[in-house]
Amino acid sequence: MSFVLCDIDHFKQINDRYGHLQGDKVINFIGQLLLNAVRSHDVAARTGGEEFVLMLNGTSNINAMNIAHRIKSQIAGQDARSSQGALPKPVTMSMGVYTVTEANCTIEECLERADQAMYRAKKEGRNRVVNYH
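Read on for an overview of the structure. (Residues numbered from 1 in each chain as written. Predicted model: local features only at pLDDT ≥ 70, side-chain atom pairs only at ≥ 80, totals over all residues. Heavy atoms only, no water.)

Within strand β1 (residues 2-8), seven of the seven residues are buried, which leaves it mostly tucked inside the rest of the structure. Judged by which residues are buried, β1 turns out to be covered on both faces: Ser 2, Val 4, Cys 6 and Ile 8 on one side and Phe 3, Leu 5 and Asp 7 on the other are all buried. The pairing of β1 with strand β3 (residues 51-56) spans six bridges and is antiparallel. Across the sheet, the residue bridging to Asp 7 is Glu 51, located in β3. Both β1 and strand β4 (residues 93-99) contribute to a ladder of seven bridges, which runs antiparallel. Paired with Cys 6 across the two strands is Met 95, which belongs to β4. (Buried < 20%, exposed > 50% of the residue type's maximum accessible area, 1.4 Å probe, protein only. Helix = DSSP H or I, 4+ residues; strand = E, 2+ residues; numbered from the N terminus. Pairing = 2+ DSSP bridges.)

What follows deals with the nonpolar core. Of all hydrophobic cores here, the largest spans 29 residues; its most connected members are Ile 8, Ile 30 and Ile 71. Elements represented by at least two residues in this core include exactly β1, α1 (11-18), α2 (20-37), β3, α3 (61-76) and β4. For this core, the leading source of residues is α2, giving seven residues. Once you skip the residues sitting within four places of it in the chain, Ile 8 turns out to touch Val 26, Ile 27, Ile 30, Glu 50, Phe 52, Val 91, Thr 92, Met 93 and Lys 122. In this structure, Phe 3, Met 55, Cys 105 and Cys 110 belong to the second largest nonpolar core, which totals nine residues. (Core = buried A, V, L, I, M, F, W, Y, C linked by side-chain atoms within 4.5 Å. Contact = heavy atoms within 4.5 Å.)

Here Gln 22 shows up in helix α2. Using a relative accessible area of 13% as the deciding quantity, one classes Gln 22 as buried. Within polar-contact distance, the side chain of Gln 22 engages the backbone oxygen of Gly 85 at 3.3 Å. With sequence-adjacent residues up to four places away left out, Gln 22 is seen in contact with Gly 85, Ala 86, Leu 87 and Pro 88. (Polar contact = N/O pair within 3.5 Å; in protein donor to acceptor, adjacent residues only side chain to side chain.)

Our next topic: the sheet that holds β3. Sheet architecture is open: five strands sit in the order β2-β3-β1-β4-β5, paired in mixed fashion. Both edges of this open sheet fall to β2 (43-48) and β5 (129-131), since each of them pairs with a single strand only. Mean inter-strand twist for the sheet, computed between neighbouring axes without regard to direction, equals 20 degrees. In this structure, β4 lies alongside β5, joined through three bridges in parallel fashion. By the bridge assignment, Val 97 is partnered in β5 with Asn 131. On top of the sheet, α2 reaches β1, β2, β3 and β4; it is set at about 5 degrees to β3, its chief contact. (Axes fitted to C-alpha atoms, helices over the stretch in contact; angles between N-to-C directions.)

Here it is in C-alpha coordinates:
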(Lines give C-alpha, C1' and ligand atoms only; values in the text may rest on other atoms or scores of the structure.)
Protein backbone atom coordinates (compact mmCIF):
# COMPACT_ATOMS: atom_id res chain seq x y z
CA MET A 1 0.00 0.00 0.00
CA SER A 2 1.26 3.45 -0.87
CA PHE A 3 0.06 6.69 0.67
CA VAL A 4 0.26 10.05 -1.10
CA LEU A 5 -0.45 13.13 0.98
CA CYS A 6 -1.28 16.17 -1.15
CA ASP A 7 -1.51 19.85 -0.21
CA ILE A 8 -2.55 22.72 -2.49
CA ASP A 9 0.26 25.27 -2.49
CA HIS A 10 -0.54 28.80 -1.28
CA PHE A 11 -4.24 27.99 -0.86
CA LYS A 12 -4.72 30.75 1.73
CA GLN A 13 -3.82 33.28 -0.96
CA ILE A 14 -6.64 31.96 -3.16
CA ASN A 15 -9.16 32.35 -0.33
CA ASP A 16 -7.82 35.81 0.58
CA ARG A 17 -7.76 37.12 -2.99
CA TYR A 18 -10.77 35.42 -4.59
CA GLY A 19 -12.97 34.56 -1.59
CA HIS A 20 -14.01 31.36 0.14
CA LEU A 21 -16.64 30.46 -2.46
CA GLN A 22 -13.92 30.39 -5.12
CA GLY A 23 -11.69 28.46 -2.69
CA ASP A 24 -14.44 25.86 -2.38
CA LYS A 25 -14.56 25.56 -6.18
CA VAL A 26 -10.80 24.92 -6.21
CA ILE A 27 -11.16 22.22 -3.51
CA ASN A 28 -13.99 20.53 -5.43
CA PHE A 29 -12.12 20.66 -8.73
CA ILE A 30 -8.94 19.18 -7.25
CA GLY A 31 -10.92 16.55 -5.36
CA GLN A 32 -12.67 15.43 -8.53
CA LEU A 33 -9.39 15.36 -10.43
CA LEU A 34 -7.87 13.14 -7.72
CA LEU A 35 -10.88 10.81 -7.73
CA ASN A 36 -10.59 10.46 -11.50
CA ALA A 37 -6.85 9.78 -11.26
CA VAL A 38 -7.06 6.63 -9.12
CA ARG A 39 -8.47 3.16 -9.67
CA SER A 40 -11.81 2.02 -8.25
CA HIS A 41 -10.09 -0.01 -5.49
CA ASP A 42 -7.96 2.97 -4.35
CA VAL A 43 -9.06 5.76 -2.03
CA ALA A 44 -8.93 9.50 -2.69
CA ALA A 45 -10.17 11.64 0.18
CA ARG A 46 -9.97 15.13 1.58
CA THR A 47 -8.37 15.07 5.00
CA GLY A 48 -9.15 18.69 5.84
CA GLY A 49 -8.50 22.21 4.64
CA GLU A 50 -6.59 21.96 1.38
CA GLU A 51 -5.10 18.52 2.09
CA PHE A 52 -5.97 15.24 0.41
CA VAL A 53 -4.77 11.67 0.74
CA LEU A 54 -4.51 8.90 -1.83
CA MET A 55 -4.30 5.31 -0.61
CA LEU A 56 -3.06 3.22 -3.50
CA ASN A 57 -3.73 -0.44 -2.88
CA GLY A 58 -1.09 -2.89 -4.13
CA THR A 59 1.04 -0.08 -5.55
CA SER A 60 4.82 -0.14 -5.39
CA ASN A 61 6.78 2.94 -4.40
CA ILE A 62 8.01 3.59 -7.92
CA ASN A 63 4.46 3.36 -9.31
CA ALA A 64 3.12 5.60 -6.53
CA MET A 65 5.81 8.18 -7.33
CA ASN A 66 4.90 8.01 -11.02
CA ILE A 67 1.19 8.45 -10.24
CA ALA A 68 1.93 11.42 -7.97
CA HIS A 69 4.13 13.08 -10.62
CA ARG A 70 1.43 12.56 -13.26
CA ILE A 71 -1.26 14.08 -11.02
CA LYS A 72 1.00 17.00 -10.03
CA SER A 73 1.66 17.78 -13.70
CA GLN A 74 -2.01 17.44 -14.58
CA ILE A 75 -3.00 19.92 -11.86
CA ALA A 76 -0.23 22.38 -12.75
CA GLY A 77 -1.42 22.28 -16.38
CA GLN A 78 -4.91 23.57 -15.50
CA ASP A 79 -5.99 27.19 -15.63
CA ALA A 80 -9.22 29.20 -15.48
CA ARG A 81 -10.18 28.25 -19.04
CA SER A 82 -9.45 24.51 -18.89
CA SER A 83 -11.16 24.23 -15.47
CA GLN A 84 -14.27 26.13 -16.67
CA GLY A 85 -13.63 28.79 -14.03
CA ALA A 86 -13.11 26.42 -11.09
CA LEU A 87 -9.51 27.62 -10.82
CA PRO A 88 -9.12 31.40 -10.83
CA LYS A 89 -5.45 30.90 -11.72
CA PRO A 90 -3.10 27.93 -12.12
CA VAL A 91 -2.47 26.06 -8.86
CA THR A 92 0.21 23.62 -7.80
CA MET A 93 0.44 20.83 -5.26
CA SER A 94 3.11 19.50 -2.95
CA MET A 95 2.96 15.75 -2.47
CA GLY A 96 4.58 13.27 -0.09
CA VAL A 97 4.74 9.54 -0.82
CA TYR A 98 5.19 6.70 1.64
CA THR A 99 4.99 3.00 0.73
CA VAL A 100 4.42 0.49 3.51
CA THR A 101 7.32 -1.93 3.76
CA GLU A 102 6.75 -3.42 7.22
CA ALA A 103 3.67 -5.38 8.27
CA ASN A 104 3.22 -3.71 11.65
CA CYS A 105 3.01 -0.07 10.45
CA THR A 106 -0.21 1.55 11.71
CA ILE A 107 -2.26 3.79 9.44
CA GLU A 108 -1.34 6.73 11.68
CA GLU A 109 2.39 5.98 11.21
CA CYS A 110 1.93 5.64 7.45
CA LEU A 111 0.10 8.95 7.22
CA GLU A 112 2.69 10.65 9.44
CA ARG A 113 5.49 9.47 7.15
CA ALA A 114 3.67 10.67 4.03
CA ASP A 115 3.04 13.97 5.85
CA GLN A 116 6.74 14.35 6.65
CA ALA A 117 7.57 13.84 2.98
CA MET A 118 4.89 16.35 1.93
CA TYR A 119 6.30 18.99 4.29
CA ARG A 120 9.74 18.37 2.82
CA ALA A 121 8.22 19.05 -0.61
CA LYS A 122 6.89 22.36 0.71
CA LYS A 123 10.21 23.25 2.34
CA GLU A 124 12.14 22.39 -0.87
CA GLY A 125 10.11 24.84 -2.95
CA ARG A 126 6.60 23.44 -3.45
CA ASN A 127 5.07 21.97 -6.64
CA ARG A 128 7.01 18.75 -6.19
CA VAL A 129 6.73 15.13 -5.13
CA VAL A 130 8.99 13.89 -2.32
CA ASN A 131 9.46 10.29 -1.27
CA TYR A 132 9.71 9.40 2.44
CA HIS A 133 13.24 8.30 3.47
